[in-house]
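Here is what each chain is made of, one letter per residue.
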2 protein chains.
Amino acid sequence: MKGNKILNNDPSLYLALIHHPVLNKRGEIITTSVTNMDLHDIARSCRTYGIKKYFIVTPIELQKELVDKILSYWQELEAIEFNKDRHSALSLIQVVPSFDDAIKEIEILENGNTPLVTATSACPNTKTSTPEAYMKTLSEENRPGLILFGTGHGLSSQITEKCDFMLMPIVGKAKDHYNHLSVRSAVAIYCDRLYREKDK
Amino acid sequence: MKGNKILNNDPSLYLALIHHPVLNKRGEIITTSVTNMDLHDIARSCRTYGIKKYFIVTPIELQKELVDKILSYWQELEAIEFNKDRHSALSLIQVVPSFDDAIKEIEILENGNTPLVTATSACPNTKTSTPEAYMKTLSEENRPGLILFGTGHGLSSQITEKCDFMLMPIVGKAKDHYNHLSVRSAVAIYCDRLYREKDK
């Protein structure tokens, strides 16, 4: 649909937290565990910023069962009555076994329209983009967006090579360039930047 | 020091997470529990953005002992070797029994200079400020800043009435104006906004 210049001012955004394939400290490919806090905090950020779905990507069936068990609690009437806002945020979560499955799910929801995928990178390269430019491209090409976040020590190249864009890294203000945010904090900041840039 | 127009382009910022006095669901004043995740995630955001100290405000001695026990682990050689970045972030934490004690600690560190205090508020009032204006005032008045975040259902008026400013609320993009970020996510976004605005 490239070349279609009818602007879609409200592109659909999706988010995926990748548990495999990601790297460990030594750069080896591993599968990380799902954590309860990632489910809650990231779902709340997604819900606040209007992200359409939050995919948990893990190939491990027992991890999927664990997430489904947590989510099923928040579908119960008692939990909804206790905290309907949390129920609403967690309803955005879907567990999928792989990155490709997340793409397929988005295509189903977007009538066959394939998302433009971005991750974040500390090393600028030819795919590097500002949040503003990424959102502008989604609008111009009338495409949904998928933003990837890695767990462990980051996404493996098997995933990053499939990305259409790489968002500029978050650079803090520490004099020694310390930059070790939690993935939950990074998600919150990128959500804010993506939508604030659009408003300018 | 009002009227001093020598700009301090790098004002000292401090952050406090208030566990008392905060409100519960019914608007009653309570004391909330410290959570491990708040210690880690918020310390990492503070460290990334150059916040000078992260105060945990709780009057409960057993809670202070709990935090000190967690922090003491991260002072051990084994932990430093395992993850020196985490050690570095958690070194910013100090437990104080009250808001007034946080102010006193900052005055000691800043040679008697009292911080201009801000919190965040969903209800705009005469104290409402943008992050940019808050940072500009700190620079112009050569004052340190203290940013407060509440736990539970938010800060009690005993605290907010002591604030010099109230930062504008984070407004997301959900069509129904859903806005229930975790305090960890809110801290990350405000850190980013405070410093990004300054760079414009």
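Here's a quick rundown of the structure. Computed from a predicted structure; not experimentally measured.

Thresholds, definitions, all that
- The residue count restarts for each chain, going from 1 along the sequence in the order it is written.
- Whichever chain is written first becomes A and whichever ligand is written first becomes 1, with later ones labelled in order.
- Owing to the predicted nature of the model, reporting of local features is limited to residues with pLDDT of at least 70; listing and counting of side-chain atom pairs is limited to 80 or more, with chain, interface and lining totals taken over all residues.
- Think of the side-chain values as coming from all heavy atoms in the structure, minus any hydrogens and water.
- The numbering of helices and of strands both runs from the N terminus, where a helix is a DSSP run of H or I of at least 4 residues and a strand a run of E of at least 2.
- Burial here depends on accessible area, computed with a 1.4 Å probe over protein chains only, as a share of the maximum for the residue type. Under 20% is buried, over 50% is exposed, and the range in between is partly exposed.
- The Shrake-Rupley method, run with a 1.4 Å probe, gives the accessible areas here. Residue values count only the displayed protein chains as cover.
- Strands are labelled as partners when DSSP assigns at least two bridges between them.
- Only residues with pLDDT of at least 70 in both copies count here: their C-alpha atoms drive the least-squares fit that superposes the copies.
- Residue contacts follow a heavy-atom distance rule, with two residues in contact if any of their heavy atoms lie within 4.5 Å.
- Orientation is described by lines fitted to C-alpha atoms, with helices fitted over the stretch in contact, and by angles between N-to-C directions that extend from 0 to 180 degrees.
- We call Phe, Tyr and Trp rings a pair once their centres come within 6.5 Å, taking the six-membered ring for Trp, and we label the pair stacked below 30 degrees between planes, edge-to-face above 60, and tilted otherwise.
- Look at NZ for Lys and CZ for Arg. If either is within 6 Å of the ring centre and within 35 degrees of the ring normal, a charge sits over the ring.
- Using a 1.4 Å probe, buried area is obtained as the accessible area two parts lose upon being combined, added over both of them.
- Whenever Lys or Arg places a side-chain nitrogen within 4 Å of a carboxyl oxygen from Asp or Glu, that contact is recorded as a salt bridge.
- We define a polar contact as two N or O atoms separated by no more than 3.5 Å, with the added condition that, inside protein, one atom must be a possible hydrogen donor and the other a possible acceptor, whereas residues neighbouring each other in sequence contribute only through side-chain atom pairs.
- Residue polarity is assigned by list, with Asp, Glu, Lys and Arg as charged and Ala, Val, Leu, Ile, Met, Phe, Trp, Tyr, Cys and Pro as nonpolar; anything else, Gly included, falls into the polar class.
- Note on terminology: a nonpolar core comprises buried Ala, Val, Leu, Ile, Met, Phe, Trp, Tyr and Cys residues joined through side-chain atoms within 4.5 Å.
- Take the number of residues in a helix, subtract one, and multiply by 1.5 Å to get its expected span.

This part is about the overall build of chain A. Of regular secondary structure, chain A possesses eight helices and nine strands. Dimensions of chain A, computed from C-alpha atoms along their principal axes, come out at roughly 45 × 45 × 30 Å. The burial tally for chain A puts 52% of its 200 residues in the buried class. Summed over its atoms, the accessible surface of chain A is roughly 9400 Å², and 53% of this surface lies on carbon and sulfur atoms.

Further remarks concern the pairing of strand β4 (residues 53-57) of chain B. Residues and elements named next belong to chain B. Taking burial as the measure, the five residues of β4 include five buried ones, the bulk of the element. Here β4 shows two buried faces, one formed by K53, F55 and V57 and the other by Y54 and I56. Here strand β1 (residues 13-18) runs beside β4; their pairing, made up of five bridges, is parallel. Paired with I18 across the two strands is V57, which belongs to β4.

Before going further, it helps to examine the relation of the copies chain B and chain A. Expressed as a screw operation, the relation of chain B to chain A combines 0.0 Å of axial shift with a rotation of 180 degrees, fitting to an RMSD of 0.0 Å. Both copies are brought into coincidence by an operation consistent with a two-fold rotation axis. Of the interface residues in chain B, 100% have counterparts in chain A that sit at the interface too, so the contact is made through matching surfaces.

The next point concerns the sheet that holds strand β9 (residues 165-167) of chain B. All names here are of chain B. Here seven strands make up an open sheet; going across it, the order is β5-β4-β1-β8-β6-β9-β7 and the pairing parallel. Each having just a single partner strand, β5 (93-96) and β7 (128-129) make up the two edges of the open sheet. Judged from the six bridges that link them, β1 and strand β8 (residues 145-150) form a sheet pairing that is parallel. Of the residues in β8, the one forming a bridge with I18 is G150. The sheet contacts of helix α1 (residues 36-48) involve β1, β4 and β5, and relative to β4 the element is tilted by about 155 degrees.

Right, let's talk about the packing of aromatic side chains for a bit. Here the structure, examined in full by the defined rule, presents 10 aromatic pairs over all chains. It is K25 of chain A that lies over the ring of F82 of chain B; its NZ or CZ is 4.5 Å from the centre.

On to the interface of chain B and chain A, then. Contacts between chain B and chain A engage 37 residues on the former and 37 residues on the latter. Between chain B and chain A lies a buried interface of about 3300 Å² when both sides are counted; carbon and sulfur atoms form 47% of it. Contact with chain A buries surface across chain B, with T48, K173 and Y178 of chain B losing the most and accounting together for 21% of the total. For the salt bridge of K175 of chain B with D10 of chain A, the shortest nitrogen-to-oxygen distance reads 3.8 Å. At the boundary of chain B and chain A, one finds 24 residue pairs in polar contact (both at pLDDT 80 or more). Sorting the residues of the side of chain B that touches chain A by element identifies α1, α4 (84-90) and α8 (183-199) of chain B as the ones contributing at least two each. A per-element tally of the side of chain B that touches chain A places α8 of chain B first, with 10 residues. Here the residues of the side of chain B that touches chain A are counted per class, giving 11 nonpolar, nine polar and 17 charged.

To continue, consider the environment of H153 of chain B. Residues and elements named next belong to chain B. On the secondary structure map, H153 appears in the loop between β8 and α7 (157-160). Residue class for H153 comes out exposed when judged on its relative accessible area of 52%. Apart from the residues within four sequence positions on either side, H153 is in contact with L23, N24 and K25.

It is worth spelling out unusual backbone geometry at this point. In this chain, H20 of chain A is followed by P21 of chain A through a cis amide linkage whose omega measures -5 degrees. Even without being a glycine, H177 of chain A presents a positive backbone phi close to 60 degrees. As for its position among the elements, H177 of chain A is in the loop between β9 (165-167) and α8 (183-199). The exposure class of H177 of chain A is exposed, given its relative accessible area of 66%. Of note in this structure, N142 of chain B is not a glycine but carries a positive phi near 50 degrees. Take N142 of chain B: it is sitting in the loop between α6 (131-141) and β8. Look at N142 of chain B and you get partly exposed, because its relative accessible area is 26%.

Bringing the environment of S91 of chain A into the picture now. All names here are of chain A. By the element assignment, S91 lies in the loop between α4 (84-90) and β5 (93-96). Since its relative accessible area comes to 34%, S91 is described here as partly exposed. Taking C-alpha positions, S91 is 8.1 Å from Q75, a pair spaced 16 residues apart along the chain.

So, about the nonpolar core. Within the largest apolar cluster, 84 residues are counted, with the highest numbers of intra-cluster contacts made by Y54 of chain A together with Y54 of chain B. Residues in contact with Y54 of chain B, not counting those within four places in the same chain, are L15, L17, D38, L39, I42, A43, C46, L92, I93 and Q94 of chain B.

To continue, consider helix α2 (residues 61-73) of chain B. The first and last C-alpha atoms of α2 of chain B sit 19 Å apart over 13 residues, in line with the 18 Å expected at 1.5 Å per residue. Looking at the buried positions of α2 of chain B, the neighbouring elements they touch are α1, α4 and β5 of chain B.

Pairing analysis gives four bridges linking strand β4 (residues 53-57) of chain A to β5 of chain A, with the strands arranged parallel. Residue pairing in the sheet places V57 of chain A in a bridge with V96 of chain A of β5 of chain A.

Take the sheet that holds strand β7 (residues 128-129) of chain A next. Remark on secondary structure: sheet strands pair via backbone hydrogen bonds, oriented parallel or antiparallel. Residue and element names in this part refer to chain A. Sheet architecture is open: seven strands sit in the order β5-β4-β1-β8-β6-β9-β7, paired in parallel fashion. Edge strands, defined here as strands with exactly one partner in the open sheet, are β5 and β7. Note: strand β6 (residues 116-120) against strand β8 (residues 145-150), three bridges, orientation parallel. In the sheet register, V117 faces β8, and the bridge partner there is L146. Running over the sheet, helix α5 (residues 99-109) touches β1 (13-18), β4, β5, β6 and β8 and is turned about 155 degrees from β4.

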